[in-house]
Amino acid sequence: MNRTQPLVLGIESSCDETGVGIVRGTALLTNTVSSSMDEHVRFGGVIPEIASRAHLDAFVPTLEEALAEADVSLTDIDAIAVTSGPGLAGALMVGVCAAKALAVATGKPLYAINHLVAHVGVGLLQQGGGTPAPSGAPAPQTPPHALPENMGALLVSGGHTEILRIRSITDDVELLGSTIDDAAGEAYDKVARLLGLGYPGGPAIDKLARTGNAKAIRLPRGLTQPKYMGTAEEPGPHRYDWSFSGLKTAVARCVEQFEARGEEVPVADIAAAFQEAVVDVITSKAVLACRENGITEVLLGGGVAANSRLRQLTEQRCSAAGIRLTVPPLPLCTDNGAMVAALGAQLVMAGVEPSGIGFAPDSSMPVTTVSA
Amino acid sequence: MLILAIDTSAVASAALVSDDAPESVLASFATEDTRTHAEVLAPGIDELLAEAGVSGRDVDAIVTGVGPGPFTGLRSGIVTARTLAFVWGKPLYGVMSLDAIALEVAESTDSAAEFIVATDARRKEVYWARYTLSDAQLPHLADGPHVGFAADLPDLPVYGAGAGIYSDAVKAVAEFSTRQPEALSLGQFALARLAAGEQLLDSSPLYLRESDAQVPGPRKRAL
Ligand SMILES: [Zn+2]
């Protein structure tokens, strides 16, 4: 196996995107994604069984397209990588079984990969091919598996909200904080439904929020009271954690109050206030976690990285705290196969043993398990 | 003709069947468990190929059970079959999974001219189909597959694990009361039908049930 510039094919199926990506070392060759998002619109959220059915039908066509676009054949591949968790159990199962079949059919080694760590691994791909290099992207001359020291990652999507510390992308990742209920993107979807804005909620709320007054309505920031926060020396039980279910309830109550008074619901103001509450609490806790853990480099990943206000406030607060921020190009922030391939390549380059074909997908795989 | 057959509609199973082999069996495996398909299927197929000294190049076609069966398990076999067929460049066929048990019934001394095959559909229901038999013929699918309550089945002898679970409600045939669809019989059935010039299905799963998703109604307004 080529361990210096390995050609790795990555497979992702943990939620509603069927992704196949191919990388050579840290160079991205293709990022092919088939999404079932349109099929979930009328339900206002991802329906696991619909996503799983879509993965089954999308896998082979997506694989075929990825191979054609990268102009490589399966015999050239050095290793296969697949998301084995965390994610929707039935959805993970499709990608994992496909990846194992691919390993059986080609005889190539297979790596079972942590989806969350893969969101960070994608940041190690060289930027090029027209996408502007964001500040803080690794320079091309750095060794392929070099990661900034004191690295952290803020992941925000419809499925997760986490702050991680990464000492080594291949074997030392720590969860500093996470949501204790809904993911941020999920909260956007639920509130968008309350406000009659449709699915997915993120883009709809982001757009409308620009025309609203965020200060017109006061909404709570979850888990920010002293009993949860504690102090740096004596941290409370949820110092770096988030909760969005109370916020969603507060929005529902606010809408009801306007309706009960027979007044028009100020949808734009509520959208703006909600967005501000989410983004404020995410960024303030993330920056706090970074400061108190000596993290000086942060990667922002996950689909909600597309949110204009989240990007703006993260940038502002990171720069005020002297933290360097990297945001990968958006198609690499949302769920995709390239990130799985990217982390797979890091594992190959670090000499990590493949997982074999006997592992089970794990819908609640902890971030401390980078590969199974 | 050498066929690699896979079925995960109930247990995880795979088999290599060939018209050149004695009893047309080269090698086969089946688990008893109905919930570990993702772990055991690929290693099982890998060992099967090694044991028979067969590589992907030697296989002429791949056959997958297309259910009905619990969705997550069912998909694990179909996606495996589709992927192997794509990589090896081989034709892929589907066979209705209950046919596997029907073939075993036809070959047993205990068969009836008309019968039902039933498997566990969970949620207190069974997957079932009605078959007819005439001399020296392959079993003929007369009705189904369907999903429903065991108590609503036609009044005929019922074969398969679905009968065993609801033996108080149906005429369960004891000898078959724990029988699950397996790739070996499925592959033999495919081989026989292809030899007879009959068509097989494509690899689309027979879910028989919708995804259970509910379209949310309009939010109730306060007032
Ligand atoms: Zn993700």
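Residues numbered from 1 in each chain as written. Chains lettered and ligands numbered in written order. Predicted model: local features only at pLDDT ≥ 70, side-chain atom pairs only at ≥ 80, totals over all residues. Heavy atoms only, no water.

1. Some words on the nonpolar core
In summary, soluble globular proteins display a tendency toward joint burial of nonpolar side chains.
Here is step 1: Judged by nonpolar contacts, the single largest core of 59 residues is most densely connected at L9 and I80 of chain A together with L4, I45 and L84 of chain B.
Here is step 2: Element by element, the count of residues in this core is highest for helix α3 (residues 89-106) of chain A, at 11 residues.
Here is step 3: When residues no more than four places from it in sequence are discounted, the contact partners of I45 of chain B are V104 of chain A together with L4, I6, A14, F29, T80 and L84 of chain B.
Here is step 4: In terms of nonpolar packing, the next biggest core, distinct from the first, is built from 52 residues, I163, V251, A277 and V304 of chain A among them. (Core = buried A, V, L, I, M, F, W, Y, C linked by side-chain atoms within 4.5 Å. Buried < 20%, exposed > 50% of the residue type's maximum accessible area, 1.4 Å probe, protein only. Helix = DSSP H or I, 4+ residues; strand = E, 2+ residues; numbered from the N terminus. Contact = heavy atoms within 4.5 Å.)

2. A closer look at unusual backbone geometry
Here is step 1: The omega angle of the peptide bond from G85 of chain A to P86 of chain A is -10°, so this bond is cis rather than trans.
Here is step 2: Counting through the fold element by element, P86 of chain A comes out in the loop between β4 (79-85) and α3.
Here is step 3: Cis rather than trans, the peptide bond between Y199 of chain A and P200 of chain A has omega equal to -5°.
Here is step 4: Counting through the fold element by element, P200 of chain A comes out in the loop between α5 (184-194) and α6 (201-209).
Here is step 5: Positive phi, normally seen in glycine, also occurs at L223 of chain A, with a value near 55°.
Here is step 6: Along the chain, the position of L223 of chain A falls in the loop between α6 and α7 (226-229).
Here is step 7: Judged by relative accessible area, L223 of chain A falls into the buried class, the value being 7%.
Here is step 8: Here the phi dihedral of S24 of chain B falls at roughly 55°; this positive angle occurs in a residue that is not glycine.

3. Structural notes on the pairing of strand β3 (residues 27-35) of chain A
Residues in a regular strand point their side chains to alternate faces of the sheet.
Residues and elements named next belong to chain A.
Here is step 1: Pairing of strand β2 (residues 17-24) with β3 involves eight bridges; the strand directions are antiparallel. Within the sheet, the bridge partner assigned to G21 lies in β3 and is N31.
Here is step 2: Counted between consecutive antiparallel strands, the loop separating β2 from β3 contains two residues, among which G25 sits at a positive phi close to 60°. (Pairing = 2+ DSSP bridges.)

4. Description of the coordination of the zinc ion
Residue and element names in this part refer to chain A.
Here is step 1: Protein coordination of the zinc ion is provided by H115 (NE2), H119 (NE2), H160 (NE2) and D335 (OD), with donor distances spanning 2.1 to 2.4 Å.
Here is step 2: Motif for the zinc ion, donor spacing along one chain: H-x3-H-x40-H-x174-D. Of this pair, H115 and H119 both sit in helix α4 (residues 115-121), separated by four residues, roughly a single helical turn. (Donors = N, O, S within 2.8 Å, 3.2 Å for Na, K, Ca; no water.)

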